[in-house]
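Inside the fold
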Amino acid sequence: MIETILTRRSIRKYTDEKISEETLNTLLNCAFSAPSAMNRRPFHVIVVDDKDMLQKIADAGMYTKMIANASMCLVICGDHKRQPFRDFIINDCSAMIQNILLAAHELGLGAVWCGVMPRMGLHKKLNALLELPLTVEPMGLVSLGYPAETKEKLERLEWDKVHRQKW
Ligand SMILES: Cc1cc2nc3c(=O)[nH]c(=O)nc-3n(C[C@H](O)[C@H](O)[C@H](O)COP(=O)(O)O)c2cc1C
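Let me begin by describing the structure that accompanies this report. All of these numbers come straight from a predicted model, not from anything done at the bench.

**Thoughts on the overall build of the protein chain**
A count of helical and extended segments in the protein chain gives 5 helices and 4 strands. The linear arrangement of helices and strands in the protein chain, starting from the amino end, is α-α-β-α-β-α-β-α-β. In terms of overall dimensions, the protein chain is globule-like: its C-alpha atoms have a radius of gyration of 16 Å, near the 15 Å expected for 167 residues. Principal-axis analysis of the C-alpha atoms places the extent of the protein chain at approximately 45 × 40 × 30 Å. In the protein chain, buried positions account for 30% of the 167 residues. Contacts in the protein chain between residues far apart in sequence, at least 24 positions, make up 80% of those at least 6 positions apart.

Written as structure tokens, this is what we have:
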């Protein structure tokens, strides 16, 4: 697991190889194992692997173009009915997304997290494209596929940002 964390990078180029249902199940199992504030578990996942839908999601954002060539896109949504504090929904969905990224990397997949924020056009477009209920908000996308690019492991520990006892 430690090597998985240290070597994970954002992968935006993918081969045509499909992701099996078994691999998807593992990803979802890891996704839903994320911690959740007050254990409210407000997260939902929409699995998109239809080519036409992938293209539409790719076109909906400024930084989501890689999704057009992805094998799959997982849309992580938060349900405001389950958790009234939006900050906690963001935290919970982020934990879920990180679990997916790490599981994907360990399974030999490439993945990248694409952010979704309320003021972005993408947010509005996803609501319509995915026919989300009014209480459900898209919180993030994970573009997935077998990698067609490799990225080096980076040394990223910044000691000047590590503080002990006080700032
Ligand atoms: C909240 C969040 C939003 C992101 N949104 C995008 C995005 O919209 N498009 C994209 O290509 N990468 C996106 N990324 C990926 C970052 O660009 C990437 O993690 C960063 O450059 C570090 O590279 P690495 O993931 O290879 O370590 C996002 C990452 C996070 C955490």
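**Brief notes about the site of the ligand**
Taken together, Arg9, Ser10, Arg12, Tyr63, Val112, Trp113, Cys114, Gly115 and Lys151 form the complete shell of residues around the ligand. Among the residues forming the shell around the ligand, the class breakdown is 4 nonpolar, 2 polar and 3 charged.

**A look at the pairing of strand S4 (residues 136-145)**
Counting buried positions over the 10 residues of S4 gives 9, a clear majority of the element. Bridge count for strand S2 (residues 72-79) against S4 is 8 bridges, and the pairing is antiparallel. By the bridge assignment, Gly78 is partnered in S4 with Glu137. In this structure, strand S3 (residues 110-115) lies alongside S4, joined through 6 bridges in antiparallel fashion. Each bridged residue has a counterpart across the sheet, and for Val112 the counterpart in S4 is Ser143.

**Re the nonpolar core**
Counting residues in hydrophobic clusters, the biggest one holds 37 residues, and the most contacted among them are Cys73, Ile76, Ile100, Ala111, Val142 and Leu144. Where this core is concerned, the elements lending two or more residues are helix H2 (21-31), strand S1 (43-48), helix H3 (51-60), S2, helix H4 (86-106), S3, helix H5 (121-129) and S4. Residue contributions to this core peak at 8 residues, all from H4. In contact with Ile100, not counting residues within four places along its chain, are Leu27, Cys30, Ala31, Leu74, Ala111 and Val142.

**Side note on the environment of Leu54**
The topology assignment puts Leu54 in helix H3. Distance from Leu54 to Cys73, taken between C-alpha atoms, is 7.0 Å for residues 19 residues apart in sequence. Residue contacts for Leu54: discarding those within four places in its chain leaves Val48, Ile67, Ala68, Ala70 and Cys73.

**Let's talk about the sheet that holds S1**
Spatial strand order, S1-S2-S4-S3: 4 strands in an open sheet with antiparallel pairing. Every interior strand has two partners, whereas the edge strands, S1 and S3, have only one. In this sheet, adjacent strand axes meet at a mean angle of 25° when their direction is disregarded. Note: S1 against S2, 6 bridges, orientation antiparallel. When the sheet's bridge partners are listed, Val45 is paired in S2 with Ile76. Sitting on the sheet, H3 is in contact with S1, S2 and S4, with an inclination near 115° to S1.

Rules of the game
- Residues numbered from 1 in each chain as written.
- Predicted model: local features only at pLDDT ≥ 70, side-chain atom pairs only at ≥ 80, totals over all residues.
- Helix = DSSP H or I, 4+ residues; strand = E, 2+ residues; numbered from the N terminus.
- Rg over C-alpha atoms; globule rule 2.2 N^0.38 Å.
- Buried ≥ 20, exposed ≤ 12 C-beta atoms within 10 Å, placed from the backbone.
- Contact = placed C-beta atoms within 7 Å.
- Near = placed C-beta within 6 Å.
- Nonpolar A, V, L, I, M, F, W, Y, C, P; charged D, E, K, R; others polar.
- Pairing = 2+ DSSP bridges.
- Core = buried A, V, L, I, M, F, W, Y, C linked by C-beta atoms within 7 Å.
- Axes fitted to C-alpha atoms, helices over the stretch in contact; angles between N-to-C directions.

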